Number of protein chains: 2
Amino acid sequence: MSKVTSDMSLSLDGFTAGPGQSLDLPIGEGVGESLHRWMFEEPELHAEAIAAITAAGAFIMGRNMFGPGRGEWDLGWQGWWGEEPPYHGPVFVLTHHAREPLEMKGGTTFHFVTDGIEAALERAREAAGGRDVSIAGGAHTVNQYLAAGLIDELRLHVAPVVLGRGERLLAGVGAFDLEPVGTPSGSALITHLTYRPEKG
Amino acid sequence: MSKVTSDMSLSLDGFTAGPGQSLDLPIGEGVGESLHRWMFEEPELHAEAIAAITAAGAFIMGRNMFGPGRGEWDLGWQGWWGEEPPYHGPVFVLTHHAREPLEMKGGTTFHFVTDGIEAALERAREAAGGRDVSIAGGAHTVNQYLAAGLIDELRLHVAPVVLGRGERLLAGVGAFDLEPVGTPSGSALITHLTYRPEKG
């Protein structure tokens, strides 16, 4: 059965991005490559984790992950990823501002959803065609889905860095137990931990 | 060469204890056995991790870990651990209030140190007789030693629970890289992660 998953790279102190995210600093101040080096420098070593991320049939992200803009859309903005984003499937962007779907090269289409996280999940499930739905980020969006009990499998990729400040994952999500899945693994750049949140 | 180590059990969201610690709730509200079950329910499975904790020759703890009292000492209070505490060696308690050393059964002696974390570490190193010094907790004390760059090996024992509030480890310690030591391991109750903080 298809699952709702989320893969998040985060610091040892729980941050997925620094403060002050902007056009010039998409992941915020003080972060640099520290959280995502593993994907670019050691792709073979982490092939299984990377394959799991890209296995989803549809993706959901917050507007802040799609771009630095706020308020009404700048229709020239087409995301951070250039002409051919790495999703290769439908991506549902949570926003308060309606916008026509945006079709990119390589199979990625951005859909803009204005009626909340449950509605976005419903549309993503339909679009995923039986494959998993991935909550792609950022922290605030994943926290919303966690708080609502809507994530089946949380895959944390913990980088060996303390950032001290930024966007915190697992904040404001209440208190709950989780069930570890598989065994932890990793390299000097990252530790992979997978959990199933227990449903209240 | 002997090291300064710290073993901390914490929740996935980074808390080592809940709020409202008291005589009746030494680990605070909402925590129960969740963080420490692994030591009591699966001691054989985690024999190596437990042996590493007890290998230290001297220990340092904050006053809040020694007892719920504040201000002047209640001399009747001899710690949470009964007549024979599990340390079996010298334990240096950080406090603002002087007190004579307290000798317990089984080799544990509590010494009360009023001149700060560096002085306590110096005394602990001398007392450890070439073995490691363990910063035993709580979170605030470990954070102070981390911020001062005085911990050589940080061993985190991450429980599969989100607590949502409490005493946070790795808070107020600045920003720094760490080097993972060995490979992560664990069971359904706990994940062991070991790091060396890089010295600025």
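This text gives an overview of the structure that appears in the document. Remember, it's a predicted structure, so these values are computed and weren't measured experimentally.

**Thoughts on the relation of the copies chain A and chain B**
Here comes step 1: Least-squares fitting of chain A to chain B yields an RMSD of 0.0 Å, with the transformation described by 0.0 Å of translation along the axis and a rotation of 180°. One copy is carried onto the other by what is essentially a two-fold rotation axis. Looking at the rotation axis and the C-alpha trace of chain A, the residue lying nearest is A:Pro184, at 2.9 Å.
Here comes step 2: Here 100% of the interface residues in chain A have copies in chain B that are interface residues too; the copies meet face to matching face.

**What to know about the interface of chain A and chain B**
Here comes step 1: Contacts between the two partners involve 25 residues from chain A and, on the opposite side, 25 residues from chain B.
Here comes step 2: Summed over both partners, the interface of chain A with chain B buries about 2000 Å², with 67% contributed by carbon and sulfur atoms.
Here comes step 3: In terms of surface lost to chain B, no three residues of chain A exceed A:Leu12, A:Pro160 and A:Val162, which account for 28% of the buried area on that side.
Here comes step 4: Linking chain A with chain B are zero salt bridges.
Here comes step 5: Within the residue set of the side of chain A that touches chain B, elements represented by two or more residues are strand E8 (153-159), strand E9 (161-162), strand E11 (176-180) and strand E13 (191-197) of chain A.
Here comes step 6: Residue contributions to the side of chain A that touches chain B peak at four residues, all from E11(A).

**Topic: the environment of A:Thr95**
Residues and elements named next belong to chain A.
Here comes step 1: Of note, Thr95 is situated in the loop between strand E4 (90-94) and strand E5 (102-103).
Here comes step 2: The exposure class of Thr95 is buried, given its relative accessible area of 8%.
Here comes step 3: It is 8.3 Å that separates the C-alpha atoms of Thr95 and Asp115, two residues lying 20 residues apart in sequence.
Here comes step 4: With sequence-adjacent residues up to four places away left out, Thr95 is seen in contact with Arg63, Trp73, Phe112, Val113 and Thr114.

**Here we look at the nonpolar core**
Here comes step 1: Counting 64 residues, the largest nonpolar core has A:Ile60, A:Tyr145, A:Leu156, B:Ile60, B:Tyr145 and B:Leu156 as its most contacted members.
Here comes step 2: In this view, A:Ile60 contacts A:Phe92, A:Leu94, A:Ala120, A:Leu121, A:Ala124, A:Val133, A:Ser134, A:Ile135, A:Ala136, A:Gly137 and A:Tyr145; residues no more than four positions away in its chain are not counted.

**Details of the packing of aromatic side chains**
Residues and elements named next belong to chain A.
Here comes step 1: Counted according to the given criterion, the structure contains 18 aromatic pairs over all chains.
Here comes step 2: When the ring of Phe59 is compared with that of Tyr87, the centres are 5.0 Å apart and the planes differ by 65°; the resulting orientation is edge-to-face. Of this pair, Phe59 sits in strand E3 (residues 58-62) while Tyr87 sits in the loop between helix H3 (63-66) and E4; the two residues are 28 residues apart in sequence, bridging distant segments of the chain.
Here comes step 3: Residue classification places Phe59 among the buried residues on the basis of a relative accessible area of 4%.

Thresholds applied
Residues numbered from 1 in each chain as written. Chains lettered and ligands numbered in written order. Predicted model: local features only at pLDDT ≥ 70, side-chain atom pairs only at ≥ 80, totals over all residues. Heavy atoms only, no water. Least-squares fit on C-alpha atoms with pLDDT ≥ 70 in both. Contact = heavy atoms within 4.5 Å. Buried area = accessible area lost by both parts, 1.4 Å probe. Salt bridge = Lys/Arg side-chain N within 4 Å of Asp/Glu carboxyl O. Helix = DSSP H or I, 4+ residues; strand = E, 2+ residues; numbered from the N terminus. Buried < 20%, exposed > 50% of the residue type's maximum accessible area, 1.4 Å probe, protein only. Core = buried A, V, L, I, M, F, W, Y, C linked by side-chain atoms within 4.5 Å. Phe/Tyr/Trp six-rings, centres within 6.5 Å; stacked < 30°, edge-to-face > 60°.

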